[in-house]
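Report on the structure
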Amino acid sequence: MAAWGLDADDLKAVVGTVKRSPAYRAICRELQVRCPRDVWIEDRKGFVHFDGGGAGPVPAWFVFAVDLDAREVVAARRLEPDDKGHEIRIMEVQPAPVPA
Amino acid sequence: MSCTTNQVAAGNMTWFCCGNAWGPCGSAGHGACGTCNSGSHQCAWPNISDACVAITRPQDCGISLGRYGCGHGFYVVNKCNSSCVFVTVADCGPDNEQLLRQFTSCGSFGGRNRIVDLTASAWVGHRQPEQRDPPLHRPQLGGAMNELDRRQFLTRAALGSATAVSATALGPLVPLAQGADGPVIAPVNGLDPNFFEGRIVGIDGSTLVVTSDSYLIRRIQVTNGTEIWKLRDTTFDQIVVNDRLYARGVVTDSGDFVAQSVWVNIVNLHVEISSIRSDRLLLNHVNGPLVGHLVADTVAAYNVGPETRDLSRLRPGLHVQMIGAWHPDTNEIDIARIYAPI
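Remember, predicted model here, so these are calculated numbers, not experimental data. (Residues numbered from 1 in each chain as written. Chains lettered and ligands numbered in written order. Predicted model: local features only at pLDDT ≥ 70, side-chain atom pairs only at ≥ 80, totals over all residues.)

What follows concerns the overall build of chain B. Secondary structure assignment for chain B yields three helices and 22 strands. Here chain B holds 342 residues, and the buried ones make up 38% of them. Long-range pairs, those at least 24 residues apart, make up 60% of the contacts in chain B between residues at least 6 apart in sequence. (Helix = DSSP H or I, 4+ residues; strand = E, 2+ residues; numbered from the N terminus. Buried ≥ 20, exposed ≤ 12 C-beta atoms within 10 Å, placed from the backbone. Contact = placed C-beta atoms within 7 Å.)

Regarding its fold elements, chain A presents two helices and five strands. The linear arrangement of helices and strands in chain A, starting from the amino end, is α-α-β-β-β-β-β. Here the analysis covers contacts within chain A between residues at least 6 apart in sequence; of these, 40% occur between residues at least 24 apart.

With 23 residues of chain A at the interface, the matching set in chain B holds 22 residues. Mapped onto the side of chain A that touches chain B, the elements with two or more residues apiece are β1 (38-42), β2 (45-52), β3 (60-67), β4 (72-81) and β5 (87-92) of chain A. Taken together, the residues that form the side of chain A that touches chain B break down as 13 nonpolar, three polar and seven charged. (Nonpolar A, V, L, I, M, F, W, Y, C, P; charged D, E, K, R; others polar.)

All names here are of chain A. Over its 12 residues, helix α1 (residues 8-19) runs 16 Å from end to end, which matches the ideal 16 Å to within 8%, given 1.5 Å per residue. Every buried residue of α1 is listed here: Leu11, Val14, Val15, Thr17 and Val18. The buried residues of α1 all sit within an arc of 160° when viewed along its axis, so they share a single face. Every exposed residue of α1 that faces more than 90 degrees away from the buried side is listed here: Ala8, Asp9, Lys12 and Gly16. Buried positions along α1 lie against α2 (22-27), β1, β2, β3 and β4. (Expected span 1.5 Å × (residues − 1). Arc of directions from axis to C-beta.)

Time to look at the environment of Ala336(B). All names here are of chain B. Tracing the sequence through the fold places Ala336 in strand β22 (residues 332-340). On the basis of neighbour counts, which here come to 21 C-beta atoms within 10 Å, the residue Ala336 falls in the buried class. Along the sequence, Ala336 and Met322 sit 14 residues apart, while their C-alpha atoms lie 7.4 Å from each other. Filtering out sequence-adjacent residues up to four positions away, Ala336 remains in contact with Leu231, Arg232, Thr298, Ile323, Gly324 and Ala325.

All names here are of chain A. Summarising the sheet, β1 and β2 pair through five bridges and their orientation is antiparallel. Within β2, the residue paired with Trp40 across the bridge is Phe47. Hairpin remark: β1 followed by β2, antiparallel, with two residues in the connecting loop; positive phi at Asp43, about 50°. (Pairing = 2+ DSSP bridges.)

Turning our eyes to something else, we now look at the nonpolar core. Counting residues in hydrophobic clusters, the biggest one holds 67 residues, and the most contacted among them are Phe47(A), Val63(A), Phe64(A), Ile220(B) and Leu245(B). If one sorts the elements of this core by residue count, β3(A) sits on top with seven residues. For this core, the domains that each give at least three residues are domain 2 (147-264) and domain 3 (266-340) of chain B. Setting aside residues up to four positions removed in sequence, Phe47(A) forms contacts with Val39(A), Trp40(A), Glu42(A), Val63(A), Phe64(A), Ala65(A), Leu154(B), Thr155(B) and Ala158(B). Counting 27 residues, the second largest nonpolar core, distinct from the first, contains Trp15(B), Cys18(B), Ala44(B) and Ile48(B). (Core = buried A, V, L, I, M, F, W, Y, C linked by C-beta atoms within 7 Å. Domains from an automatic or database assignment.)

Residues and elements named next belong to chain B. Pairing in this open sheet of five strands is mixed, and the strands run β1-β7-β2-β4-β3 from one edge to the other. Each edge of the sheet is formed by a strand with only one pairing partner; in this case those strands are β1 (12-16) and β3 (73-77). With strand direction ignored, the average angle separating the axes of adjacent strands in the sheet is 40°. Note: β3 against strand β4 (residues 84-92), five bridges, orientation antiparallel. In the strand pairing of β4, Tyr75 is matched with Phe86. (Axes fitted to C-alpha atoms, helices over the stretch in contact; angles between N-to-C directions.)

Take the pairing of strand β12 (residues 207-211) of chain B next. Residue and element names in this part refer to chain B. Most of β12 sits out of view: four of its five residues are buried. The pairing of strand β11 (residues 195-204) with β12 spans five bridges and is classified as antiparallel. Considered in β12, the bridge of Ile203 is made with Leu208. Here β11 hands over to β12 after two residues, with Gly205 in that stretch at a positive phi of 65°. Relative to strand β13 (residues 218-230), β12 runs antiparallel, the two being bridged by four bridges. Within β13, the residue paired with Val210 across the bridge is Arg218.

Let us look at the confidence of the model for chain B. All names here are of chain B. When pLDDT is averaged along chain B, the result is 77, and 75% of the positions lie at 70 or above. Below a pLDDT of 50 lies the segment residues 98-107, which in the model reaches 29 contacts outside its immediate sequence neighbourhood of four places, other chains included. Note on residues 126-145: pLDDT under 50 across the span, and 54 contacts to partners over four residues away in sequence or across chains. Here the prediction assigns the complex a pTM of 0.59, and the interface score ipTM is 0.91. (pLDDT = per-residue confidence, 0-100.)

Here we take up unusual backbone geometry. Residues other than glycine seldom take positive phi values, yet Arg44(A) does so here, at roughly 60°. Along the chain, Arg44(A) turns up in the loop between β1 and β2. On the basis of neighbour counts, which here come to 10 C-beta atoms within 10 Å, the residue Arg44(A) falls in the exposed class. Phi at Asn265(B) takes a positive value of approximately 60°, unusual for a residue other than glycine. Looking at the element boundaries, Asn265(B) is found in the loop between β16 (257-264) and β17 (266-276).

This is the structure in structure tokens:
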């Protein structure tokens, strides 16, 4: 069943690519739920938004960008608010090491 | 007709103000029927007359709604918690320029169009629990403007080179519209700009840092004049991180939200009493068992009577409505008021 207004093929291309990536493996334990909050496509790039920070009160969000032609993750960012809520810090997600 | 029979339509419901001031509502017109009051259990229906349908035009959204004129009675059921309220038609609305085609869901039930507006008191529940109670059955309407802004923000975060951005870069989510009487806050695709809910993730002086589905992060300013409820009227120092917040207030030019009223962890539940202990009630709710703690000022109202601290008429098997405060991340609540139909 498709969701977020995407057909099943697009959804699989975007979310499937993200979930197979080393960057996703690096952050998946920090997610509140493994299901994305949102998935959308813009200019042949797919984006996936996850809610993180499940272990504590401070939230974190993750956004992945997927090149739909190359079927590869081209960006993975972690976003965290500062403790006063004035700014959101944006950090690169470091990919998890590939298992030997 | 009852809460479970003869369903005439299914969709989304929201609330509105009309007539005399009540609770969160100021004074307004008495609606198309001339009888509408926010403090009465009434509703606006999109097809009360030919003139009404010409305005609301539900057919433009592919839905056909039967004609029910002024004074007709409906039982309106909240599919998210099975609560049910009887209302009579008192106005024409909502029209399809507002929220039609929004989709919300709750379990296996999904509604695509906004088909009925309840008056504020009908929205709050079967009785008027307290004038300051917020719209407790507020649907989670995903405003397209918010979704778009959030996506644009995250798209830039993913593909851009910035390492930090202002939290208000998500906005302005609340545009100011210039009205005849000066600037007024305009609703954005159904999201009420004067209402906010979320989880408190930090406290910065007198400002609450709150995260929510619509706004990744937002600062809620609490002033000396802000009314605060957490089980009872209370003070700012009783608010803690991880509390759930509902707030009514105004938005400043900076994007901060200045709260006039804050309700913390408030819940409005329809439950069955399964067991009674000296200090708590064990409850059955549609989403699972709950523990309701009795506190010193827990009161009950029997059969629409006055509130009393006499809880002796409560018994197992009784279906009641409760207003209280959650213990966050648990299945426990502290009970403020119990409404029992006996």
